[in-house]
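Architecture at a glance
Listed here are the chains, written in short residue letters.
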Amino acid sequence: MAEKSQREHQQAGGPDEPAGDSDEQKLSLVGSVALGTGVMIGAGIFALVGQVAELAGGWVPWAFLAGAIVVAFSSYSYIRYSAANPSSGGIAMLLKAAYGPGVIAGSFSLFMYVSMILAESLLGRTFGTYVLRPFGLQDSALLVPVLAVLAIAAAALVNLVGNQWVERSATVTAALKIIGIAVLAIGGLLASGLSSLSRLFTTADRTPPESGWLGFLAGVTLCILAYKGFTTITNQGADLRKPERNVGRSIMIAIGLCTVLYLLITVAVTGSLTVPEIVDARDYALAEAAEPAFGSLGVTLTVIIAIIATLSGLIASLFSVSKLYDMLHDMGQAPGLPRHSTHQSLLITAGLAIVMAAFFDLTQIASLGAILYLAMDIAIHWGIIRHLRHEIEVKPWVPFVAIVLDLAVLVPFLFLRAQSDPFTLIITAVTAAVLLIVQWLMVRRRSRHQNHAG
């Protein structure tokens with residue numbers, strides 16, 4: 001399969017041929033990294049620092065570092081498959097190649113789809129929370145979801161009328177987010193003293209997690225949400241110059257860049273606020289941390305960056321996730337609307353994101369999204385080990401370690417959530433069951449059509 005994909009790519013103007021006009025029009029490595037980090041740096045860092053502190057205590061920076069290590073091992077499977085299949089590196093195609101066009105591949109593809117929708121609802125609620133922060137209304141049970149719904153609807157409207165704007169603005173907004181986060185992080189470190197960086201290497205003045213290592217590992221589960229956007233880079237194979245090399249490079253650079261930014265910002269936050277203060281402001285911890293260092297100006301700057309990050313993330317995410325739904329629908333793994341619509345994938349995606357943003361809070365959304373994503377991730381690695389390791393030439397120990405790491409953080413997370421928030425686990429179980437049933441029905445329907453056609 002790898003040799004066939006290589007031949008097809010070379011016939012289309014692969015890396016061994018001189019770069020022509022078509023190659024020049026393709027995405028560069030820098031552009032790929034910008035798009036990848038633009039997706040990764042969103043609601044994760046703005047909303048999750050407080051959620052992670054609730055579990056990991058003062059070990060928040062280490063939790064984000066551990067999350068980067070878990071994701072680095074996980075990325076190997078995606079990189080190897082995308083390198084062998086640069087034109088079809090999407091997760092849905094990977095699962096289909098590993099498990100065939102049945103219930104397993106379709107169900108885990110839907111797990112990924114729903115986790116992406118949850119990420120959109122997380123963006124929407126983060127937008128509402130930060131917009132209301134200067135007015136002291138960030139805890140409003142009514143206004144936060146209302147603003148979240150409006151933000152998702154506005155992003156969907158932009159996608160309906162301006163797909164070209166979505167693509168052209170992605171690099172600019174990604175740069176603004178990266179620069180903005182870097183300014184906040186460096187400013188916070190300067191305000192608290194550069195010596196605060198030493199807290200990365202010592203337990204001094206660090207409040208340990210209430211649940212010890214279980215709490216720390218559970219916190220890492222949420223940190224993974226701040227990195228999982230790297231998976232969108234695998235969809236760039238057909239549009240990226242020299243994808244056999246650059247998909248992997250782009251993923252690793254994006255993960256590395258985000259790791260540095262996350263470490264800097266979390267050190268700054270934990271240097272400005274105590275753990276109880278971070279937990280109390282868990283949905284808007286970055287804005288809260290900016291106030292002691294910069295006053296109201298810092299809060300305003302943080303709110304502006306959060307608005308740019310969440311709105312641009314919503315617009316780009318709705319665009320890419322709708323494309324994923326189109327792929328699943330074409331593969332017979334996802335249902336469509338009763339009446340044909342040229343924008344049905346966008347309407348379904350935005351509609352589901354609006355429902356989730358309206359009825360779930362940030363903690364529930366983050367928990368549900370993390371569980372579904374890690375379940376899908378484990379399925380990816382197992383499929384690579386069992387069915388694709390020879391075709392795409394992987395070292396089996398790497399995806400095996402990735403599975404072990406995923407389970408090492410997921411199991412403690414499930415255990416602690418079962419004690420503190422069993423309702424979210426029930427919702428997760430119901431969601432997973434519904435997706436399995438939907439996929440089973442889709443497979444039966446597809447089989448009946450094939451038998452009828454035969």
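Presented here is a report on the structure given in the accompanying data block. Since the model is a prediction, treat every value here as computed from it, not as a measurement. (Residues numbered from 1 in each chain as written. Predicted model: local features only at pLDDT ≥ 70, side-chain atom pairs only at ≥ 80, totals over all residues. Heavy atoms only, no water.)

**Some thoughts on the overall build of the chain**
What counts, and what does not: Runs of H or I in DSSP of at least four residues are treated as helices and runs of E of at least two as strands, each being numbered from the N terminus. We call a residue buried when its accessible area falls under 20% of the maximum for its residue type, exposed when it is over 50%, and partly exposed in between, using a 1.4 Å probe and counting protein chains only. Residue contacts follow a heavy-atom distance rule, with two residues in contact if any of their heavy atoms lie within 4.5 Å.
Assigned secondary structure in the chain consists of 18 helices and zero strands. Looking at the 454 residues of the chain, the share that counts as buried comes to 55%. When contacts within the chain are restricted to residue pairs at least 6 apart in sequence, long-range pairs at least 24 apart make up 82% of them.

**Some words on helix H6 (residues 91-99)**
Put simply, the test is: For this quantity, the arc is that covered by the directions from the helix axis to the C-beta atoms.
Ile91, Ala92, Leu94, Leu95 and Ala98 are the residues of H6 that are buried. Down the axis, H6 shows its buried residues gathered within 160° of arc, on one side only. On its buried face, H6 sits against helix H5 (60-84), helix H7 (103-132), helix H14 (296-330) and helix H16 (362-388). After H6 finishes, the residue glycine 100 shows a positive phi value of roughly 85°.

**Here we look at the pattern of salt bridges**
Going by this rule: Every case where a carboxyl oxygen of Asp or Glu lies within 4 Å of a side-chain nitrogen of Lys or Arg is listed as a salt bridge.
Tallied over the entire structure, the rule returns three salt bridges. Among the ionic pairs, arginine 282 bridges to glutamate 54, the shortest N-O distance being 3.9 Å. Pair noted here: arginine 282 is in the loop between helix H12 (275-280) and helix H13 (285-294) and glutamate 54 is in helix H4 (residues 43-56), with a separation of 228 residues, a long-range link. A single salt-bridge network, built from bridges that share partners, covers Arg133, Glu288 and Glu291.

**Focus on the nonpolar core**
As a reminder of what qualifies: Remark: nonpolar core denotes a set of buried residues (Ala, Val, Leu, Ile, Met, Phe, Trp, Tyr, Cys) joined through side-chain atoms within 4.5 Å.
Counting residues in each nonpolar core, the largest one holds 129 residues, and the members touching the most others are Ile45, Phe46, Val49, Val52, Phe64, Tyr113 and Tyr262. Sorting elements by how many residues they give to this core places H16 first, with 15 residues. When neighbours within four sequence positions are excluded, tyrosine 113 is seen to be in contact with Val321, Leu324, Tyr325, Leu328, Ile348, Thr349 and Leu352.

**A closer look at unusual backbone geometry**
Not every positive phi belongs to a glycine, and glutamate 393 is a case in point at roughly 55°. Within the secondary structure, glutamate 393 sits in the loop between H16 and helix H17 (397-420).

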